[in-house]
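# Notes for the structure review
What follows is the residue order along each chain.
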Amino acid sequence: MSAFTHRIPVLFQHCDPAGIVFYPRYFEMLNATIETFFAEAIGWSFSEMHVHQRVGVPLGRIETDFHAASRLGDVLDWTLQVDRVGGASLAMTVRASCDDEARLTARPTLVLVDLNRMTALRWPDDRRAALERHQGGQTP
């Protein structure tokens with residue numbers, strides 16, 4: 001299966017006074033990409049997770065490389081590929097580019113947790129299967 005893709009325009013709210021993306025805003029866009037991936041590709045919205053099922057997928061770890069600056073008016077193409085589905089963890093690679101120029105590569109690891117107990121949970125079989133369908137996907 002191909003990697004999940006999501007487009008995000010760089011807005012004024014993302015930028016510092018020089019008109020370039022302030023690096024913490026990349027993490028907000030990364031989270032938006034992950035949230036959209038879960039809703040559209042996995043069929044499990046954050047609303048369903050957090051409000052109704054009381055589970056979440058916080059970051060356990062993230063490694064990030066910043067390749068080039070993004071500027072106000074750029075449109076970033078985000079691609080998400082699942083690298084590994086563990087018992088309770090999910091390792092992925094997420095890339096942002098603009099006109100085929102690499103801007104950011106992140107390697108987040110999410111952990112499925114029970115929000116009431118704040119303990120790790122095993123992926124439900126149906127969610128694991130959906131995630132595995134995106135494992136090793138190639139960028140379109």
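Higher on the page you've got the structure.
No experiment lies behind these values; they were computed from the predicted model shown. (Residues numbered from 1 in each chain as written. Predicted model: local features only at pLDDT ≥ 70, side-chain atom pairs only at ≥ 80, totals over all residues. Heavy atoms only, no water.)

### Observations regarding the overall build of the protein chain
Going by this rule: Strands here mean DSSP runs of E at least two residues long; helices mean DSSP runs of H or I at least four residues long; both are numbered from the N terminus. With the radius of gyration taken over C-alpha atoms, the globule rule is written as 2.2 Å times the number of residues to the power 0.38. Summary of the burial criterion: residues with accessible area below 20% of their type's maximum are buried, those above 50% are exposed, and those between are partly exposed, where the area comes from a 1.4 Å probe applied to protein chains only. Contact criterion: two residues are considered in contact whenever any of their non-hydrogen atoms come within 4.5 Å of each other. The protein chains shown are the only cover counted for residues, whose accessible areas, like all others here, come from Shrake-Rupley with a 1.4 Å probe.
If you tally the helices and strands in the protein chain, you get 3 helices and 8 strands. The linear arrangement of helices and strands in the protein chain, starting from the amino end, is β-α-α-β-β-β-β-β-β-β-α. Computed over the C-alpha atoms, the radius of gyration of the protein chain is 15 Å, within 12% of the 14 Å expected from 2.2 N^0.38 for a compact globule of 140 residues. Principal axes of the C-alpha set define a box for the protein chain whose edges measure 45 × 30 × 25 Å. A burial count over the protein chain gives 44% of its 140 residues as buried. Taking the intrachain contacts of the protein chain between residues at least 6 apart in sequence as the baseline, contacts between residues at least 24 apart amount to 66%. Accessible surface for the protein chain amounts to roughly 7400 Å². Of this, 50% is attributable to carbon and sulfur atoms.

### Overview of the nonpolar core
The tendency in soluble globular proteins is for nonpolar side chains to be buried side by side. Our working rule: Working definition of a nonpolar core: buried Ala, Val, Leu, Ile, Met, Phe, Trp, Tyr and Cys residues. They are joined through side-chain atoms within 4.5 Å.
One finds Phe-38, Trp-78, Leu-90 and Trp-123 to be the most contacted residues of the largest nonpolar core, which totals 34 residues. Non-local contacts of Trp-78, meaning those with residues more than four positions away in its chain, are made with Phe-4, Thr-5, His-6, Ile-8, Tyr-26, Met-29, Leu-30, Thr-33, Val-94, Arg-95, Ala-96 and Leu-104.

### Considering the layout of surface pockets
The condition is simple: A 1.4 Å probe that fits into a set of points on a 1 Å grid over the protein atoms alone but cannot get out defines a cavity; an open set with protein on both sides within 12 Å along at least five of seven lines defines a pocket, and lining residues are those with an atom within 4 Å of a point. Grid points are joined across faces, edges and corners, and a volume is the space filled by probe spheres set on the points. When residue character is reported, Ala, Val, Leu, Ile, Met, Phe, Trp, Tyr, Cys and Pro are called nonpolar, Asp, Glu, Lys and Arg charged, and the others, Gly included, polar.
The calculated volume of the second largest pocket comes to roughly 160 Å³. As for the second largest pocket, its lining consists of Phe-27, Leu-30, Asn-31, Ile-34, Phe-46, His-50, Gly-56, Val-57, Pro-58, Leu-59 and Leu-110. Broken down by secondary-structure element, the contributors of at least two residues to the lining of the second largest pocket are α1 (23-42) and α2 (46-53). With 4 residues, the single largest contributor to the lining of the second largest pocket is α1. A class-by-class count of the residues in the lining of the second largest pocket yields 8 nonpolar, 3 polar and no charged.

### Topic: the packing of α1 against helix α3 (residues 125-132)
Going by this rule: The axes used here are C-alpha line fits, helices contributing only the stretch in contact, and every angle between their N-to-C directions lies in the interval 0 to 180 degrees. In this scheme, roughly parallel covers angles under 35 degrees and roughly antiparallel covers those over 145, while 65 to 115 is roughly perpendicular and the rest are oblique.
Between α1 and α3, whose axes approach to 10 Å, the crossing angle comes to 100 degrees. Viewed along their axes, α1 and α3 adopt a mutual orientation that is roughly perpendicular. Here Phe-37, Phe-38 and Ile-42 of α1 lie close against α3, whose contacting residues are Arg-127, Ala-130 and Leu-131. Across the contact of α1 with α3, the residue classes break down as 5 nonpolar, no polar and 1 charged.

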